[in-house]
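Chain by chain, the residues run as shown.
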Amino acid sequence: MALSGLDNTNLKLILVGGKGGVGKTSCATSIGLELSKTHKTLVISTDPAHSISDCLGQQLENGIHFIDGDEKFAVTEIFAEQVYADFKEKHEEDLKGLFETSTKLDSEDIDDLLKLSIPGIDEVMSLMTIIDIIEEGNFDKYVVDTAPTGHALRMISSPKVLDEWIKVAARMRWKYRYMVTSFSGTYTQDKTDALLLNLKKTVKKIERLFRDVTQCEFIPVCIPESMAVLETKRLISGLGSSNLSVRQMIVNNVLQSEGCSFCKERQKGQQKYLEQISATYPKLNRVIIPLFASEIKGLEQLNQMRTLLFK
């Protein structure tokens with residue numbers, strides 16, 4: 001079988017994920033290469049341990065890079081910590097306004113609070129950055145190389161986390177608004193209100209995109225080993241909870257040689273997991289990719305994987 005439907009015009013966002021070490025980056029980059037033949041495509045890495053540079057065999061700096069002069073194939077790596085630092089710098093006064101008007105914290109306490117990192121903020125910032133890039137509309141297709149399963153699931157669920165944060169912040173502002181209105185008879189929205197409103201709009205955009213099976217799809221990558229099969233099951237279950245479409249999966253590093261006793265034994269060990277995958281996901285389009293003799297690195301080998309994925 002081969003990957004299908006990814007060239008549909010309406011499909012914008014393709015997320016590729018799975019356990020660490022199963023070949024997510026190679027698969028995501030190869031998918032991007034194929035789509036770039038007919039669509040302007042951007043491959044985005046959200047993995048804190050970025051490996052697109054290593055996969056391509058090219059050193060990448062911050063920003064979007066078109067590879068080897070190809071105007072339809074570009075890659076970028078999101079550094080969530082830097083994105084969060086930029087977000088705080090841009091909205092520092094708005095955030096301070098929220099705490100100053102809604103809490104009893106003094107200026108020093110607020111400054112200390114804003115210096116702290118927030119659990120899960122990396123995933124929130126990564127997803128917000130992806131949405132901002134899509135909103136710019138400079139590409140037709142966006143292929144996301146996600147972090148390993150735990151991070152990926154947190155990123156997928158981050159709209160709910162952000163929405164809860166916004167609800168709490170909004171309640172705090174309503175109390176302030178009620179007090180101001182009671183004393184002055186009127187209330188004028190400020191930049192803090194605008195920030196909360198824009199964040200709420202972003203959450204709604206993400207939720208609409210995730211729910212739309214014509215615009216968004218997640219492709220799990222698995223290898224025929226016990227831990228990878230178990231983690232893939234957890235991943236697909238989590239994706240279902242977030243209403244993300246899963247139509248097909250990639251089963252990578254499948255040994256196909258019977259040239260020696262070692263190969264035969266390894267192949268026999270893999271077979272039971274291949275049968276388990278087949279029995280567990282009978283309705284998914286399963287794309288089998290053989291184990292390469294060497295590390296997949298550089299455009300030549302990525303194009304070999306691209307051919308296997310699609311043809």
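About the cut-offs
Residues numbered from 1 in each chain as written. Predicted model: local features only at pLDDT ≥ 70, side-chain atom pairs only at ≥ 80, totals over all residues. Heavy atoms only, no water. Helix = DSSP H or I, 4+ residues; strand = E, 2+ residues; numbered from the N terminus. Buried < 20%, exposed > 50% of the residue type's maximum accessible area, 1.4 Å probe, protein only. Areas by Shrake-Rupley, 256 points an atom, 1.4 Å probe, with all protein chains shown as cover. Lys, Arg positive; Asp, Glu negative; His and termini not counted. Charge placed at Lys NZ, Arg CZ, Asp CG, Glu CD. Pairing = 2+ DSSP bridges. Phe/Tyr/Trp six-rings, centres within 6.5 Å; stacked < 30°, edge-to-face > 60°. Lys NZ or Arg CZ within 6 Å of the ring centre and 35° of its normal. Core = buried A, V, L, I, M, F, W, Y, C linked by side-chain atoms within 4.5 Å. Contact = heavy atoms within 4.5 Å. Expected span 1.5 Å × (residues − 1). Salt bridge = Lys/Arg side-chain N within 4 Å of Asp/Glu carboxyl O. Polar contact = N/O pair within 3.5 Å; in protein donor to acceptor, adjacent residues only side chain to side chain.

Caption draft 1: Focus on the overall build of the protein. Along the backbone of the protein there are 11 helices and 8 strands. Expressed as a percentage of the 311 residues in the protein, the buried residues total 48%. Carbon together with sulfur atoms contributes 51% to the accessible area of the protein, which is approximately 16,100 Å² in total. The average position of the 38 basic charges and that of the 42 acidic charges among the side chains of the protein differ by 8 Å.

Caption draft 2: Representation of the pairing of strand S5 (residues 141-145) within the structure. Counting buried positions along S5 yields 5 of 5 residues, so the element is predominantly enclosed. The alternating pattern of S5 places Lys141, Val143 and Asp145 and Tyr142 and Val144 on opposite faces, both of which are buried. Note that strand S1 (residues 13-18) and S5 share 4 bridges and pair parallel. Bridging across to S5, Leu13 finds its partner in Tyr142. The pairing of strand S2 (residues 41-45) with S5 spans 5 bridges and is classified as parallel. Its bridge partner being in S5, Ser45 is matched across the sheet by Asp145.

Caption draft 3: Summary view of the packing of aromatic side chains. Scanning all chains against the criterion turns up 2 aromatic pairs. Ring centres of Phe66 and Phe139 lie 5.9 Å apart, and the angle between their planes is 20 degrees; this geometry places the pair in the stacked category. In this pair, Phe66 is assigned in strand S3 (residues 65-66) and Phe139 in the loop between helix H6 (121-136) and S5, connecting sequence segments 73 residues apart. Take Phe66: its relative accessible area is 40%, and that puts it in the partly exposed class. Take Phe139: its relative accessible area is 5%, and that puts it in the buried class. On the basis of an interplanar angle of 70 degrees and a centroid distance of 6.1 Å, the ring pair of Phe139 and Tyr142 is categorised as edge-to-face. What makes Tyr142 buried here is its relative accessible area of 0%. Feature note: the residues Phe66, Phe139 and Tyr142 constitute an aromatic cluster, connected by ring pairs. Note that Lys40 overlies the ring of Phe139, its terminal NZ or CZ placed 5.2 Å from the centroid.

Caption draft 4: Summary view of the nonpolar core. Formed by 70 residues in total, the largest nonpolar core has its most connected members in Leu13 and Ile31. Residues in contact with Ile31, not counting those within four places in the same chain, are Leu3, Leu6, Val16, Val143, Ile219, Ile250, Leu309 and Phe310.

Caption draft 5: Representation of the side chain of Glu123 within the structure. Relative to the helices and strands, Glu123 is located in helix H6. Residue Glu123 is classed as buried on the basis of its relative accessible area of 9%. If sequence neighbours within four positions are ignored, Glu123 has contacts with His151, Arg154, Met155 and Ser158.

Caption draft 6: Focus on helix H1 (residues 24-35). Under the 1.5 Å per step criterion, the end-to-end length of H1 is 16 Å for 12 residues, consistent within 8% with the ideal 16 Å. With 12 of 12 residues buried, H1 lies mostly within the body of the structure. Those residues of H1 that sit buried are Lys24, Thr25, Ser26, Cys27, Ala28, Thr29, Ser30, Ile31, Gly32, Leu33, Glu34 and Leu35.

Caption draft 7: How the structure looks around unusual backbone geometry. Located in the positive-phi region is Asn243, a residue other than glycine, with phi close to 60 degrees. Turning to its location among the elements, Asn243 is positioned in the loop between helix H9 (226-241) and strand S7 (248-254). Residue classification places Asn243 among the partly exposed residues on the basis of a relative accessible area of 48%. A positive phi angle is found at Asn253, which is not glycine, with a value near 60 degrees. Relative to the elements of secondary structure, Asn253 occurs in strand S7.

Caption draft 8: The arrangement of the side chain of Glu231 in detail. Following the sequence through the fold, Glu231 ends up in helix H9. Arg234 provides the closest opposite charge to the buried, salt-bridge-free Glu231, at an N-O distance of 4.3 Å. One polar contact links Glu231 to Thr149, side chain to side chain, over a distance of 2.8 Å. Residues within four places of Glu231 in sequence aside, it is in contact with Lys19 and Thr149.

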